[in-house]
Amino acid sequence: MAALLESPVAMQVHQSASNAKAFDPIFSLCKCWFVSFLVCTLQYMVLIGTLRVPWPDTLLLPIKALTWFWSASSSETLALECLMTHAEQLALPIALTRTLFYTGMPVAVYVVLLGIEAFVRLSLVLIPAVTAWLALGFRHTKAFHALSRSKSFPGMRRFVMKQQQSRFLAPGVIGPAAPTSSQAAFMRELQAGFTSFGNTAWVQAGTTIFFFLPSVVRYALSLFSCAKLDDPDYIPYPWTAAAPGTYFLQDLNQQCWTGWHWYWAIFYGIPIVVMTCVALPVGIAAVILRNKANLQEPWFKRKHGSLYRIFRTERAAWGAVVAVQTIVLVAVTVFGLALGPYHQTLAMSAAFALTLVLLMLFKPLKHKQQQHLLTFGYACLFATTLAALSFMPSYDGKTPPHAYCLTMGACALALNVVYLVYALVQLKRSITAEQPLNRLLSMVVSVLNKAAPLLPGGCVNNVSQRLASFSASISS
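Per chain, the residues get numbers from 1 upward, laid out in the order the sequence is written. It should be noted that, the model being predicted, local features are given only for residues of pLDDT at least 70 and side-chain atom pairs only at 80 or more, the latter also being counted only at that level, while totals for whole chains, interfaces and linings use all residues. Excluding hydrogens and water, the side-chain figures rest on all heavy atoms present in the structure.

Secondary structure elements are defined from DSSP: runs of H or I of at least 4 residues count as helices, runs of E of at least 2 residues count as strands, and each element is numbered from the N terminus. Scanning the chain for helices and strands turns up 20 helices and two strands. Accessibility here uses a 1.4 Å probe with only protein chains present; expressed as a share of the type maximum, an area under 20% marks a residue as buried, one over 50% as exposed, and anything in between as partly exposed. Looking at the chain as a whole, 39% of its 476 residues qualify as buried. Here, residues are in contact when the closest pair of their heavy atoms is within 4.5 Å. Partitioning the contacts of the chain with sequence separation of at least 6, the portion at a separation of at least 24 is 71%. The Shrake-Rupley method, run with a 1.4 Å probe sphere, supplies the accessible areas, and residue values consider only the shown protein chains as cover. Here the chain has roughly 26,000 Å² of accessible surface; of this, 69% comes from carbon and sulfur atoms.

What follows is the structure, given as structure tokens:
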């Protein structure tokens, strides 16, 4: 067993841990935020793909692939009707069912994440406890005495005796008082295991909101998206435009503000819009501004650090600006029918241009690499929307040449690919491939350390040699 502990695997793991501490602090601060930058850019690119623009083939296929991959941010990519075999038998209209499904999905995902976190924490307490209790009962069996005398399992008796002294059992007690003492020890360990569960729940809530915010805002605002339709049976002149009312865009058979649409828009749509479009950014700003003195406190960082860690102290509430920007972009895509394709695309270009100006003016991010990455991303989005404007027909009805559209689309695609490569290179600099693999090897070594008394000595040495060779190949 000592050979395993002194193997190159263990030394590699310890060396990897020391290297991680000495890594560039610019990237070791918030490595996960490089991924969040990519996610945010992809979300906005999907919103650009919903513009009613005659995209050239050089951009149409990449946009379709992206919207298919990022289906949670677009209503056209994941058709709920295809998932339901009896959609016509639903008690609710399919348009309303779709809205309820997508606005309720974040809650379901958040509950699942909390369940997984609770299961992992409970397992970390239950496994040692059950092992200790089983070892205590196994100590008095004939099989234990036979295995403890076997040369293949030299550490069996030492392993079981060690489990008898576990923190879950009363040391030296094997009488009637043992169950009571063991239960008290188990409850103490269980309480200690769930000490930071509340902070983890806050972090998971922020992650869920960040991922699903475009989808929820889109479907919440869609409840108020209506359009005027002409009556083809208008008398006496059928060719004359006559709009008897406005109709729900998600279901053109339903007239707005009548029937079920009135109730659901008032009692479900308005609360969702208030929570996501008003309460969320205001809440982020209020939490940060009211706790300026606690921004560097460890307890506040653990609970709310994901809201401001990458921003400078004087710009700690910039997360509220990001939330408002997302809401504005989604609103432009939802109510674009009333604006028209040209003005819808122009409004989205103006939103990205304003964001670029604010980024360069206030410089909210702590480090230059992060500032450059985010600015480059918004510049790519702004350039893509400008290219989309050039694809539209002019006011005199002239369409741009086909060759121009293909060339401009290829340039816009190349610019976004360059940004993606640049972001991945920065991510590679912050997270090397050796770190997660060495962490995995560390977990394997830890398991072998605990299970070594139950395994033959030759088996442990063989596994140790294989892990050492594998670790050497990773380093090379």
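Further remarks concern the pattern of salt bridges. Any carboxyl oxygen of Asp or Glu within 4 Å of a side-chain nitrogen of Lys or Arg constitutes a salt bridge here. Inspection of every chain in the model, using the stated rule, returns two salt bridges. Residue Glu117 pairs with Arg121 through a salt bridge whose shortest N-O separation is 2.8 Å. With Glu117 and Arg121 both in helix α7 (residues 94-138), this residue pair falls four residues apart, about one helical turn. Accessibility expressed as a relative area gives 11% for Arg121, which makes it buried.

Let us now look at a nonpolar patch on the surface. Nonpolar side chains collect at one region of the surface, where Val112, Leu113, Ile116, Phe119, Val120 and Leu124 lie side by side and expose about 580 Å² of accessible area between them. With respect to the secondary-structure elements, Ile116 resides in helix α7. The residues that make up patches have over 30% relative accessible area and no salt bridge, and they are joined within 9 Å when like-charged or within 5 Å when they are Val, Leu, Ile, Met, Phe, Trp or Tyr.

One can describe the packing of helix α11 (residues 197-222) onto helix α12 (residues 260-289) by two numbers: an axis separation of 9 Å at closest approach and a directional angle of 130 degrees. Our classification of the angle between α11 and α12 gives oblique. Crossing angle aside, the handedness with which α11 passes α12 is left-handed. Of the residues in α12, those in contact with Ile209, Leu213, Val216, Val217, Ala220 and Leu221 of α11 are Ile272, Val273, Thr276, Cys277 and Leu280. Ten residue types, Ala, Val, Leu, Ile, Met, Phe, Trp, Tyr, Cys and Pro, are classed as nonpolar, four, Asp, Glu, Lys and Arg, as charged, and the remainder, Gly among them, as polar. A breakdown of the residues in the contact of α11 with α12 according to their chemical character gives 10 nonpolar, one polar and no charged. Interaxial angle, 0 to 180 degrees, is taken between N-to-C directions of lines fitted to C-alpha atoms, where a helix line uses only the stretch in contact. The cut-offs work like this: below 35 degrees is roughly parallel, past 145 is roughly antiparallel, 65 to 115 is roughly perpendicular, and the gaps in between are oblique. Crossings are sorted by hand: turned counterclockwise from the far helix by less than a right angle, the near helix makes the crossing left-handed, and turned clockwise it makes it right-handed.

The subject of this paragraph is the packing of aromatic side chains. The criterion for an aromatic pair is that two Phe, Tyr or Trp rings (for Trp, the six-membered ring) have centres within 6.5 Å, with stacked assigned to planes under 30 degrees apart, edge-to-face to planes over 60 apart and tilted to the rest. Evaluation of the coordinates by the stated rule reveals 17 aromatic pairs. Measuring from ring centre to ring centre gives 6.2 Å for Trp55 and Phe391, while their planes differ by 70 degrees; the resulting arrangement is edge-to-face. With Trp55 in the loop between α4 (32-49) and α5 (57-69) and Phe391 in the loop between α17 (368-390) and α18 (402-430), this residue pair connects regions lying 336 residues apart in the sequence. You'll find Trp55 and Phe391 in the same group, each marked buried. Look at Trp262 and Tyr263: their rings are 5.2 Å apart centre to centre, the planes differ by 85 degrees, and that puts the pair in the edge-to-face class. For Trp262, a relative accessible area of 36% gives the class partly exposed. An aromatic cluster of at least three residues, connected via ring pairs, comprises Tyr44, Phe352 and Tyr378.

On to the nonpolar core, then. Note on terminology: a nonpolar core comprises buried Ala, Val, Leu, Ile, Met, Phe, Trp, Tyr and Cys residues joined through side-chain atoms within 4.5 Å. Core analysis: the biggest nonpolar cluster contains 58 residues, and Tyr44, Ile48, Trp55, Phe352 and Tyr378 have the highest contact counts within it. Sort the elements by how many residues they give to this core and α4 lands first, with nine residues. If we skip the residues at most four places from it in the chain, Ile48 touches Trp55, Met348, Phe352, Leu381, Thr384 and Thr385.

This part takes up α5. A turn of α-helix holds 3.6 residues, and therefore any two residues three or four places apart point the same way. One less than the residue count of a helix, multiplied by 1.5 Å, gives the span that helix is expected to have. For α5, which comprises 13 residues, the first-to-last C-alpha distance of 18 Å matches the rise-based estimate of 18 Å (1.5 Å per residue) to within 8%. Listed as buried for α5 are Leu59, Ile63, Leu66 and Thr67. The buried residues of α5 all sit within an arc of 95 degrees when viewed along its axis, so they share a single face. Within α5, the exposed residues directed more than 90 degrees away from the buried face are Leu61, Trp68 and Phe69. When we speak of the arc, we mean the arc of directions from the helix axis to the C-beta atoms.

Attention shifts here to the side chain of Ser349. With respect to the secondary-structure elements, Ser349 resides in helix α16 (residues 341-362). Using a relative accessible area of 3% as the deciding quantity, one classes Ser349 as buried. There is a polar contact of 3.0 Å between the side chain of Ser349 and the side chain of Thr385. In this structure, Ser349 is in contact with Phe382, Thr385, Leu386 and Leu389, ignoring residues within four places of it in sequence. Under the rule applied, a polar contact is a pair of N or O atoms within 3.5 Å (in protein, one hydrogen donor and one hydrogen acceptor; residues adjacent in sequence only if both atoms are side-chain atoms).

As a further point, take the state of the cysteines. Counting rule for disulfides: a pair of cysteine sulfur atoms within 2.5 Å. Summed over the entire model, instances satisfying the criterion amount to one disulfide. Here Cys226 connects covalently by a disulfide to Cys256, the sulfurs 1.9 Å from one another. Every disulfide takes its handedness from the sign of the S-S torsion; for Cys226 and Cys256 that torsion is -105 degrees, giving left-handed. Note that Cys226 is positioned in strand β1 (residues 226-229) and Cys256 in the loop between β2 (245-248) and α12, a separation of 30 residues in sequence.

Even without glycine at this site, Trp257 takes up a positive phi of about 60 degrees. Examined against the element boundaries, Trp257 turns out to sit in the loop between β2 and α12. Owing to a relative accessible area of 38%, Trp257 belongs among the partly exposed residues under this scheme. Even without being glycine, Lys363 reaches a positive phi, approximately 45 degrees. Here Lys363 lies in the loop between α16 and α17.

Turning next to the environment of Ile48. By secondary structure assignment, the location of Ile48 is in helix α4. Residues Ile48 and Thr333 lie 285 residues apart in sequence; the distance between their C-alpha atoms is 8.2 Å.

On to the packing of α11 against helix α14 (residues 318-334). Running from amino to carboxyl end, α11 crosses α14 at an angle of 45 degrees, the nearest separation of the two axes being 9 Å. One element, α11, and the other, α14, form an angle in the oblique class. The handedness of the crossing between α11 and α14 comes out as right-handed. Residues Leu213, Pro214, Val217, Arg218, Leu221 and Ser222 of α11 pack against Ala323, Thr326, Ile327, Val330, Ala331, Thr333 and Val334 of α14. Residues of the contact of α11 with α14, tallied by class, amount to nine nonpolar, three polar and one charged.

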